[in-house]
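Chains, contacts and geometry: an overview
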Amino acid sequence: MSKPDWGTERAARGERLAAAGSLAKGKIVDSADVTALLEAVIRPGDRVCLEGDNQKQADLLAVALAGVDRTKVFDLHMVQSGVVLPEHLDVFETGVAKRLDYAYSGPQAARIARMLFGGKIELGAVHTYLELFARYFIDLTPNVALIAAVSADRDGNLYTGPNTEDTPTVVEATAFKSGIVIAQVNAIVDKVPRVDIPGDRVNFIVEAGKPFYVEPLFTRDPGAITEMQILTAMLAIKGIYAEYGVKRLNHGIGFSTAAIELLLPTFAEKLGLKGKIATHWALNPHPTLIPAIESGWVTQIHSFGSEVGMDDYIAARSDVYFTGADGSLRSNRAFCQTAGLYACDMFIGSTLQIDLQGNSSTVTTSRIAGFGGAPNMGSDPRGRRHASAPWLKAGEEADPDSPAALRRGRKLVVQIGETFGDGNVPMFVEHLDALVLAEKLSLDLAPVMIYADDVTHIVTEEGVANLLLCRDKDEREQAVRGVAGYTDVGRGRDAKMVQRLRERGVIRRPEDLGVDPLDADRSLLAAKSIKDLVRWSGGLYAPPSKFRNW
Amino acid sequence: MTAPFLNDPAAVSWYEASARKRVVTLLDPGSFLEFIGPEQREMSPHLGIFDLPKQFDDGMIVGHGTLRSEKIFVAAQEGRFMGGAFGEVHGAKLTGLLRAALKADIQTVLILFDTGGVRLQEANAGELAIAEIMRALLEARAAGIRVVGLVGGRAGCYGGGGLISGCCSALVVSEQGRISVSGPEVIETNKGVEEFDSKDRALVWRTMGGKNRRLIGVADAFADDTVGSFRDATLALLEQPGRFDLDTLQAEQTRLEVRLERFGHCADAAEIWTALGIEDASAIPAMAAEDFVAIADRVQEASHDAR
C-alpha cells in the first residue's frame, strides 16, 4: 500500500504561485497584468471569493476577472457576500462563472432575478452574512480570494482602514487552507498605518491608484423623514424601548429607525430615558446617530463597516467607536454580526412585506435583494445563555407558565413600517411574493428575511402588536391584522377579537401609549437635514455630494 | 448644541414650514386674512381626469395682512402639493391677487415661491396662467407697487416660477432655495450628464442654490433658513426706493450683458466666485449665513431694482 500524500493542496498552491512567477516583482503585480495574473492562478471550477458586500467593493479585481480569457478560466463557483457591481454578474453571462453562493444583491436585485429565471446562474443558496462566512470554513472554502485594502507595504502587510468589513474572514479561510490571496490596494506605501492583515497571508498586491468603491448605504437624509415615520418611531420608543429597557441593540437601515435615532435627544430625553435605553450598539456609523452621541446617549458602538464621510468623526470619538492604534475605525463584519446575534437584546428594522403570521420578506417577484445580515440580527439565538432584563421579560411574556430558572429568554425582534409603504404599496399581504419566487425557481426554501417565530413586535402608525402575548395562530393573525390599518389585510380583521387583544395589551394604540399622533412633528427631530448633522458633528462629518443641498 | 424644539414663530424653519405656516408667521401676528380659502373648495377642474388627488386651496394661498403695520397682499405656494406646480386655479388666484392690488390701496405684494413650474396635467392652462401672472405683475409694478419674491422651500423656484421671479422688484433667497428655469434633470436629459450631473447635489446647489443666486445678483437679499430672517430681509428691501422706468430697465440690460461677458466662460460657479474677488471660493457652500451675508454685501454688483 502506497503512503498517502497529505500535501497535495500545498503542492497545488506552489504550482499556481510558480505560474504567476514572471508577472510579480516580489508580491507586487502591475495593474496592467492583473487579468494575466488571474488567468495564471485561477483553475477552471475553482471556488473564488471576489470581495464585495453592501459597502466596499474590490472593483479593480472585479473588472479584471470579467476580462479573463474564458477558454482558460471558466465554470467558477463564486462564493461572495455581495453581488453588487455589474461585473459580478457579467462573469455569469460569459461563462467565466457558473455557480453562485452569496448573501446580498441590493443594486443588482432585478438583474440577478432575470438571470436566475433565465438559467444563467446555478444558485447554491442565498445566505445571511454570518452563515456564508461559516461555510467558508466548512464546505465553501475559497481557492482564490480577491480582496480590497487601503494600502500595502512591500511585504504584503495590509491596512484595510475603516472599511475592514469582511476581509479578515475571507483571508483567514483562504490563506490557511492553501488558497491564494490577491489584494487590490489604493496605494503601496513604505509603512502601513496599522497591520489589519499580516503579509504572510497575502500572495499578490496590485496598486489600483484610486480608492476602492464604497457605497454610502447607511446614510439617511433627515430631510426625507415623514411625520408618519416619526409617529411610528415615537410608538416604538414608548412601547418597546422604554417598556423593556433595551440598552443593547441593532438598528436596520431605513427611515423609521433613522427617525428613532433622531428622537433620542429630544422625545426620548423628555421621557427621561437617557442612560436607560440605547446605550450599546452593533451598528454601522449611521450619521443620524450623531446627535444622540453628541448628547451623551451612547456608550459604545461596534461596526460591520464604516460609512462614507464619517471617518474623521469616528476617529475623533474613540470613546464610542472601536479604533486602531492609527486612530481610524476598525470594523469587522463577522464579529459585529456575531455581536448583533448574541449580545444584543433587540433588532428593529423595516421590511417590504409581512404576512398574516408575521413572516417578512424583502423579495418581490422581480427583485431578489438577498438577506445581508438582517436575519442574523433579527433572530432569536438558541445558544444564548446570559441573562438581561429585556431578554428575561420577553421570555416571560412568551411563556409565563414555565419555571423561571428553566425558561429561555427571548430576543426582541421588531418590524417597523407604515401600513402603506413606498408608492402606497401595502406592507401587509396574505401571501409573500417570496413564495411565488420559490415556486418559480424550484427553491427548497422561500427567501424569508425574518421568520414569524422570531418576530416579537410589529409597529405601524396604527400601534404596536406584541406577538409574544399571542397564545395561538388565530390571535397572532388578528394581532397582525389589528395594526395593518386600511390595507386589505387590516380591513379583514375581526373587530371584536382585535378589541379583546387590545384590552389584553397585545395591541396598543397610540392613545394607549399616551402618544398623540398630532405631536408627531418634524420639529421633534434633533436634526432636520444633512447639514444639521454636519453642525452636530462640529464639522467632522463630511457627507458625500449626493446628500448635500448646499 | 441643544436639541431645538421650534415653537417660536421667528425660529420656524422656512424650508420645513408649510405655505400656510410661512404666511402666518411671516406677517404681523394674527393679521392674515385669506381670500378664497380652502372652505370655498376652489379646486382644479383637471386633476380628477387623471384620478389625482385635489386640494381645497389648489396649493395656492392668497390674502392680506400687515407687515410691520403696513397693509400688504401675500401669496404662497404649497410645495408639498404637486411640487407647488402652477395649474389653472392655482395661477388664477395669483393673477387675481395682483390685479386686486391695483384697485386696493396696496403698496406691497409678497410672493412666497415654492414651485417646480407648470403642472403637466394642466399644461395649457398652467402656461397661460404664467403669462397672465407676468402681465398682471408688471402692470402692478408699473403702477408703483413693489412685488417681492421669497424663495427657500423644498421645490425651489423653477420653470414658469423662475420666469415670474425674474419679473419681481426684488428677491430674498436662502441657502436651501434654488432659482432657475430648467431643472437639473431636464438639463441632464437634454444636454447629457457631462453638461450637468443632476445627482451631484453639491453641483446643483452651487449652480442654482441661494448662495450663487445671491452672489451673481439674481437675488437681492440672503436669509438664513428662518421665517424671522426672511422677514428681516424683506423689511430691509422694502426700505429701499422702488423704481420701474426705462432707465432702470436699460441699466439692468447692460448689467446682464456685462455679467455674461465676465462669467459666460466659467465652467463652475466657484470660478465665478473667484472672479468676483472671493478669496476662498471653496469655503462658500459650507459658510454660515452671517459670514456669507458679509461677503455677498461686499462683492455684489450695483442693484438696479429692475427685476
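Cut-off values and rules
- Residues numbered from 1 in each chain as written.
- Chains lettered and ligands numbered in written order.
- Predicted model: local features only at pLDDT ≥ 70, side-chain atom pairs only at ≥ 80, totals over all residues.
- Contact = placed C-beta atoms within 7 Å.
- Nonpolar A, V, L, I, M, F, W, Y, C, P; charged D, E, K, R; others polar.
- Axes fitted to C-alpha atoms, helices over the stretch in contact; angles between N-to-C directions.
- Helix = DSSP H or I, 4+ residues; strand = E, 2+ residues; numbered from the N terminus.
- Parallel < 35°, antiparallel > 145°, perpendicular 65-115°, else oblique.
- Domains from an automatic or database assignment.
- Buried ≥ 20, exposed ≤ 12 C-beta atoms within 10 Å, placed from the backbone.
- Pairing = 2+ DSSP bridges.
- Right-handed = clockwise from strand over helix to strand, strands pointing away.

1. Observations concerning the interface of chain B and chain A
- Facing the 16 residues of chain B at the interface are 15 residues of chain A.
- Tallied by class, the residues present in the side of chain B that touches chain A amount to eight nonpolar, three polar and five charged.

2. A look at the packing of helix α16 (residues 473–482) of chain A against helix α18 (residues 495–503) of chain A
All names here are of chain A.
- Running from N to C, α16 and α18 point in directions that differ by 90 degrees, and their axes come no closer than 9 Å. Looking at the two axes, α16 sits roughly perpendicular to α18. Contact with α16, carried on its side by Glu475, Gln478, Ala479, Arg481 and Gly482, involves Met497, Val498 and Leu501 of α18 and no other residues of that element.
- Residue classes in the contact of α16 with α18 are distributed as four nonpolar, two polar and two charged.

3. Brief notes about the domain arrangement of chain A
Residue and element names in this part refer to chain A.
- By the assigned domains, chain A splits into domain 1 (20–214) and domain 2 (222–534).
- The centre of domain 1, based on its C-alpha atoms, is set 33 Å off from the matching centre of domain 2.
- Secondary structure elements with two or more residues in the side of domain 1 that touches domain 2: β6 (97–104), α5 (109–117), α6 (129–136) and α7 (167–175).
- It is α5 that contributes the most residues to the side of domain 1 that touches domain 2, six residues altogether.

4. Looking at the pairing of strand β6 (residues 170–174) of chain B
Residue and element names in this part refer to chain B.
- With five of its five residues buried, β6 lies for the most part within the structure.
- Pairing geometry for strand β5 (residues 146–151) and β6, over four bridges, is parallel. Bridging from a neighbouring strand, Val151 pairs with Val173 of β6.
- For the crossover from β5 across helix α4 (residues 160–167) to β6, the handedness is right-handed.
- Here β6 runs beside strand β7 (residues 221–223); their pairing, made up of three bridges, is parallel. Residue pairing for β7: Ser174 is matched across the bridge by Ala223.

5. Some thoughts on unusual backbone geometry
- The backbone phi angle of Glu165(A) is positive, close to 50 degrees, even though this residue is not glycine.
- Structurally, Glu165(A) is set in the loop between β9 (158–159) and α7.
- Take Glu165(A): there are 30 C-beta atoms within 10 Å of it, and that puts it in the buried class.
- Positioned with a positive phi, Arg68(B) is a non-glycine residue whose angle comes to about 45 degrees.
- Topologically, Arg68(B) is positioned in the loop between β2 (60–67) and β3 (70–77).

6. Brief notes about the sheet that holds strand β14 (residues 280–282) of chain A
Residues and elements named next belong to chain A.
- Pairing in this open sheet of eight strands is mixed, and the strands run β15-β14-β13-β16-β19-β20-β21-β22 from one edge to the other. The open sheet has two free edges, formed respectively by β15 (300–302) and β22 (507–508), since each of these has just one partner strand.
- Against the sheet, helix α12 (residues 333–342) touches β13 (248–251), β14, β15 and β16 (346–349), its axis set at about 125 degrees to β14.

7. What to know about the sheet that holds strand β1 (residues 33–35) of chain B
Residue and element names in this part refer to chain B.
- Strand order in this open sheet of seven strands is β1-β2-β3-β4-β5-β6-β7, and the pairing throughout is mixed. The open sheet has two edge strands with one neighbour each: β1 and β7. Shown here is a sheet whose adjacent strand axes are inclined to one another by a mean of 25 degrees, direction ignored.

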